[in-house]
Amino acid sequence: MPMFTEEEIKQVEEIRSHYPTNLAAVMGVLHMYQDKYGIVDEEGITYVAKLIDVPEENVLGVATFYEMYHQHKTGKYKLQVCTNVSCMLCNSDMVLRTIKEKIGIGIGEMTDDGMFSVHEVECLGSCGTAPVVSVNKQYQENLTPEKITTLIDTLKTQG
Ligand code: FES
């Protein structure tokens, strides 16, 4: 059963204090949960709902509406590929195709060894350096098929 530490509960209180309602704090607490457990599954939704006293269906609604919350396990390296307009105009499709070919999985999938998962996301807020892929929250910018190939090879070597 999931459980936040005392320190994390304090963080939750801090998040709640910034909003007029508990419902508005759901996203922040879901982020905390996902950062800790790597996933926002059924258990997580129930836990967060109870923790901040918000109906479960509302937490579920938020968790399933936004692509940034994952209902399935993600890889050790979570590749979030932006395919929004600026990135699309700068050939994000080629970057995505290279990723798929290089690691052999499609969007929303994870490699059998749990090393990589691939996710398509909306604008990462770094359009000036498009195309962008976030790897475990670290932005890889101005990507080309060659650059992403090198990056994947490096991550494979690091294990
Ligand atoms: S469109 Fe990709 S970062 Fe904005």
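Because the structure is predicted, anything quoted here is derived from the model rather than measured. (Residues numbered from 1 in each chain as written. Predicted model: local features only at pLDDT ≥ 70, side-chain atom pairs only at ≥ 80, totals over all residues. Heavy atoms only, no water.)

## Brief notes about the overall build of the protein
Secondary structure summary: the protein contains 7 helices and 4 strands in total. Listing the helices and strands of the protein from first to last along the sequence gives α-α-α-α-β-α-α-β-β-β-α. With respect to the principal axes defined by its C-alpha atoms, the protein has extents near 50 × 35 × 25 Å. Looking at the 159 residues of the protein, the share that counts as buried comes to 40%. (Helix = DSSP H or I, 4+ residues; strand = E, 2+ residues; numbered from the N terminus. Buried < 20%, exposed > 50% of the residue type's maximum accessible area, 1.4 Å probe, protein only.)

## Here's the deal with the pairing of strand β1 (residues 77–82)
Within β1, 6 of the 6 residues are buried, which leaves the element mostly enclosed by the surrounding structure. Because side chains alternate across β1, one face comprises the buried residues Tyr 77, Leu 79 and Val 81, and the other comprises Lys 78, Gln 80 and Cys 82, equally buried. Looking at chain direction, β1 and strand β2 (residues 116–121) are connected through 6 bridges and run parallel. Among the inter-strand pairings, Lys 78 is bridged to a residue of β2, identified as Ser 117. (Pairing = 2+ DSSP bridges.)

## As for the nonpolar core
Leu 30 and Val 59 are the most contacted members of the largest nonpolar core, which has 20 residues in total. Those elements that provide at least two residues to this core are α1 (6–17), α2 (26–37), α3 (42–52) and α4 (56–65). Ignoring sequence-local partners within four residues, the contact set of Val 59 consists of Val 26, Leu 30, Ile 45, Val 48, Ala 49 and Val 54. In terms of nonpolar packing, the next biggest core, distinct from the first, is built from 18 residues, Tyr 77, Val 118, Leu 143 and Ile 148 among them. (Core = buried A, V, L, I, M, F, W, Y, C linked by side-chain atoms within 4.5 Å. Contact = heavy atoms within 4.5 Å.)

## Describing the confidence of the model for the protein
Residues of the protein with pLDDT of at least 70 account for 100%, and the chain-wide mean is 94. Averaged pLDDT values over the elements of the protein bottom out at 92 in β2 and peak at 97 in α1. (pLDDT = per-residue confidence, 0-100.)

## With respect to a nonpolar patch on the surface
A contiguous nonpolar patch, built from Val 85, Met 88 and Leu 89 and spanning about 320 Å² of accessible area, is present on the exposed surface. By secondary structure assignment, the location of Met 88 is in helix α5 (residues 85–89). Taking the relative accessible area as the measure of exposure, Met 88 reaches 48% and is therefore partly exposed. (Patch = residues over 30% accessible without salt bridge, like charges linked within 9 Å, V, L, I, M, F, W, Y side chains within 5 Å. Areas by Shrake-Rupley, 256 points an atom, 1.4 Å probe, with all protein chains shown as cover. Salt bridge = Lys/Arg side-chain N within 4 Å of Asp/Glu carboxyl O.)

## A look at the sheet that holds β2
One open sheet accounts for 4 strands, arranged β2-β1-β3-β4; its pairing is mixed. Pairing within the sheet leaves two strands with one partner each, and these edge strands are β2 and β4 (138–140). Pairwise comparison of adjacent strand axes, ignoring direction, gives a mean angle of 25 degrees for this sheet. Each of β1, β2 and β3 (133–135) touches helix α6 (residues 92–103); the most contacted strand, β1, lies at about 150 degrees to it. (Axes fitted to C-alpha atoms, helices over the stretch in contact; angles between N-to-C directions.)

## Observations regarding the domain arrangement of the protein
Interfaces are often described in size by the accessible area the parts lose on coming together. Once the domains are mapped, the protein shows domain 1 (6–65) and domain 2 (77–158). Distance from the C-alpha centre of domain 1 to the C-alpha centre of domain 2: 28 Å. (Domains from an automatic or database assignment.)

## Quick notes on a negative patch on the surface
Together, Glu 42, Glu 43, Glu 56 and Glu 57 make up a negatively charged patch on the protein surface. Going through the elements one at a time, α3 and α4 are the ones with two or more residues in the negative patch. Its place among the elements puts Glu 43 in helix α3. The exposure class of Glu 43 is partly exposed, given its relative accessible area of 43%. (Lys, Arg positive; Asp, Glu negative; His and termini not counted. Charge placed at Lys NZ, Arg CZ, Asp CG, Glu CD.)

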